[in-house]
Structures are given as C-alpha cells and as structure tokens.
Amino acid sequence: MGTLSKSLYMAIIAPSLLAADFLHLGKACEMLNESEAAWFHLDVMDGSFVPNISYGLPVIEQIKKTTTKVMDVHLMIVHPEKYIADFKKAGADILTVHYEACPHLHSTLQQIKAHGMKAGVAINPHTSVGLLKDVIKDIDVVCVMSVNPGFGGQKFIEHTYQKVRDLKQIIVASGAATLIEIDGGVTENNASDLVQAGADVLVAGTTVFKAADPKAMIITLKNA
Ligand code: DX5
Ligand code: ZN
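Each chain carries its own residue numbering, running from 1 in the written order of its sequence. Here the convention is simple: chains get letters from A, ligands get numbers from 1, in the order in which they are written. At least 70 in pLDDT is required for a residue's local features to be given in this predicted model, at least 80 for side-chain atom pairs to be given and counted, and no such filter applies to totals for whole chains, interfaces and linings, which use all residues. Only hydrogens and water are set aside; all other atoms, that is, all heavy atoms of the structure, feed into the side-chain values.

J.: Tell me about the packing of aromatic side chains, residues and numbers included.
T.: Between the rings of Phe, Tyr and Trp (Trp by its six-membered ring), a pair exists once the centres lie within 6.5 Å; its type follows the angle of the planes, with under 30 degrees stacked, over 60 edge-to-face, and the other angles tilted. Counted according to the given criterion, the structure contains two aromatic pairs. Each ring, one from Phe 22 and one from Tyr 55, has its centre 6.0 Å from the other, and the planes form 75°; the classification is edge-to-face. Of this pair, Phe 22 sits in the loop between β1 (12-15) and α2 (25-33) while Tyr 55 sits in the loop between β2 (39-45) and α3 (57-66), placing them 33 residues apart in sequence. Ring centres 5.3 Å apart and planes at 55° place the aromatic pair Phe 156 and Tyr 161 in the tilted group. Strands are runs of DSSP state E lasting at least two residues, helices are runs of H or I lasting at least four, and both sets are numbered from the N terminus onward.

Structure, rendered in structure tokens:
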C-alpha cells in the first residue's frame with residue numbers, strides 16, 4: 001500500500017491460537033497481550049462440520065481470564081445456534097458462525113446480538129459473497145475463508161482477492177459497517193494486497209506463532 005493509505009488505515013491483526021504451543025497457552029496469551037494484535041482468534045472445530053477437532057469451551061474460558069484482547073471465536077461446528085449462551089459465558093466478544101451451517105442465519109445472528117456479542121458469518125471458499133446481500137446489515141464481521149476450514153498452515157486461495165473486492169462493494173452499497181476478515185494462509189507476502197482489496201482484519205496462525213519473533217511479525221502484518 002502507498003504511504004498515504006498506510007497512515008490512514010491499519011489492519012486489525014487476529015492471531016489464531018490453533019498454531020500456538022498447546023503446552024504453553026499461558027505464554028501465548030502473554031505474548032499477545034504484549035503485542036499490537038487487537039483480536040485473539042479462537043477456532044472451535046467439531047469433527048463434523050470440518051474434518052478436525054480442536055478445542056472448546058473450557059480452553060476459551062481459561063483464555064478469557066488472562067487475555068486483554070478481543071475474543072474472536074470462530075465456530076466450525078454444526079448447530080452453532082445451540083451454543084450461543086455457552087460461548088457468551090466463556091467470554092466470546094465476537095461469535096462467528098458458518099453460513100453453510102445455518103439454515104436460519106438471520107435468526108442465529110439476532111440471537112448472538114441478543115446475548116451481547118458481535119455477530120460474524122464465515123463463508124467457505126465455494127460460497128459466493130452475493131449470498132450475504134440480504135443479511136449484510138445484520139453482520140458485524142464477514143470471515144472470508146481463504147483456505148478450506150479445518151486446519152492451519154494451508155496455502156492461500158488466490159480467488160479470495162476477487163471475493164473481498166465484491167464483498168466490499170456489497171457492504172459499501174448497502175451502507176453497512178461490516179468488517180471483512182480473512183482467515184487462512186495469511187502471510188507477510190499477501191497481507192498488503194488483502195488490505196488493498198478491502199480486508200479489515202487479518203487472521204494469522206502459522207505466520208505469527210511459527211515466526212522467530214511473533215510480536216515483530218504482528219507489527220509487519222499490521223503495517224502491510
Ligand atoms: C482454519 C482456521 C484458521 C487457522 C488459520 O480452519 O479457521 O483460523 O487457524 O491458520 P493459518 O494462519 O496457519 O492458515
Ligand atoms: Zn478461523
């Protein structure tokens with residue numbers, strides 16, 4: 001990005017716990033607290049909606065006690081509407097459900113907000129952003145999956161740029177205040193192009209937690 005836009009806008013960085021050392025979660029929280037990341041991205045997988053199982057409510061509850069960051073919880077589970085109250089209680093500030101897992105998405109979004117959380121909708125790589133048009137004003141964050149959900153460390157899908165541009169148009173045209181979050185394969189090499197395409201929030205697991213200096217990497221991503 002050019003110097004002018006850089007000074008006007010910086011991305012929100014949301015490191016994903018999935019890539020942290022699970023034997024030392026306290027250390028991961030401490031590092032993040034000292035960093036310039038604004039959000040903490042927490043991936044919940046059920047082995048049904050996605051072919052992997054990660055962690056759940058008890059881990060999130062413990063993290064809430066120590067983190068100073070916005071708790072950005074990404075539910076990759078079937079029937080997410082059943083657990084809205086539980087995740088609120090565990091400390092979620094933003095609760096993101098998958099478009100593909102919600103036959104009554106509008107209602108689910110209203111319930112998340114009624115529990116005092118920001119409402120997010122994640123879309124898989126094959127899901128068109130146009131499908132969100134009728135609910136865009138009800139969505140605080142659209143999480144555009146730039147890999148197939150379920151695993152960290154995957155390769156970024158290039159078509160994401162076009163989706164972000166299209167989504168940005170939908171948001172601007174409707175006068176919504178929705179943020180665009182990118183999840184999967186974000187690195188220091190694509191961060192700047194993503195922000196230029198319209199991304200507001202960059203999730204980064206492997207790129208942050210496997211970096212020699214995670215806090216410096218967060219700054220690099222933020223300044224992209
Ligand atoms: C994938 C998760 C991501 C994951 C990103 O299903 O939703 O949040 O942690 O990991 P990286 O940044 O390593 O691609
Ligand atoms: Zn995620």
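J.: Break down the pattern of salt bridges for me, with residues and values.
T.: In what follows, salt bridge is the name for a side-chain nitrogen of Lys or Arg lying within 4 Å of a carboxyl oxygen of Asp or Glu. Across all of its chains, the model carries three salt bridges by this definition. Residues Glu 34 and Lys 215 are paired through a salt bridge, measuring 2.7 Å at the closest nitrogen-oxygen approach. Within this pair, whereas Glu 34 is found in the loop between α2 and β2, its partner Lys 215 is found in helix α9 (residues 214-222), the two being separated by 181 residues in sequence. Relative accessible area serves as the criterion here: at 31%, Lys 215 is assigned to the partly exposed category. Here Lys 64 ties to Asp 93 by a salt bridge, and the two come within 3.5 Å at their closest N and O atoms. With Lys 64 in helix α3 and Asp 93 in the loop between α4 (84-90) and β4 (94-98), the pair connects residues that are 29 residues apart, well separated along the chain. A relative accessible area of 34% places Lys 64 in the partly exposed class. We call a residue buried when its accessible area falls under 20% of the maximum for its residue type, exposed when it is over 50%, and partly exposed in between, using a 1.4 Å probe and counting protein chains only. Looking at Asp 93, the relative accessible area reads 28%, which means it is partly exposed.

J.: Hey, could you go over the site of ligand 1 for me, with residue numbers and the actual values?
T.: Any residue with at least one heavy atom within 4 Å of a molecule or strand is counted as near it. Around ligand 1, the structure places 20 residues, and the nearest of them are Asp 43, Gly 150, Asp 183, Gly 205 and Thr 206. Here a polar contact is recorded for every N or O atom pair within 3.5 Å, except that within protein the pair must consist of a potential hydrogen donor and a potential acceptor, and residues adjacent in sequence are included only if both atoms are side-chain atoms. Between ligand 1 and Asp 43, the relevant distance is 2.8 Å, taken from an oxygen atom to a side-chain nitrogen or oxygen of the residue. Between ligand 1 and Asp 183 there is a distance of 2.6 Å, counted from an oxygen atom to a side-chain nitrogen or oxygen. A total of 380 Å² of accessible area belongs to ligand 1 in isolation, and the protein chains cover 99% of it. According to the grid-proximity analysis, the pocket containing ligand 1 is the largest pocket. Here the open area of atoms and residues is found with the Shrake-Rupley method and a 1.4 Å probe, where only the protein chains shown may cover a residue. Throughout, the protein atoms alone are placed on a 1 Å grid, and a set of points is a cavity if a 1.4 Å probe fits but cannot get out or a pocket if it is open with protein on both sides within 12 Å along at least five of seven lines; lining residues have an atom within 4 Å of a point. Should more than half of a molecule's atoms lie within 2 Å of a pocket's or cavity's grid points, that molecule is taken to sit in it.

J.: Mind laying out the state of the cysteines, listing which residues take part and the relevant values?
T.: What is meant by a disulfide is a covalent connection between two cysteines, made through their sulfur atoms. Cysteine sulfur atoms are paired as a disulfide whenever they fall within 2.5 Å. Summed over the entire model, instances satisfying the criterion amount to zero disulfides. Left unpaired, Cys 143 is separated from the closest cysteine sulfur, that of Cys 102, by 13 Å. By relative accessible area, Cys 143 is classed as buried at 0%.

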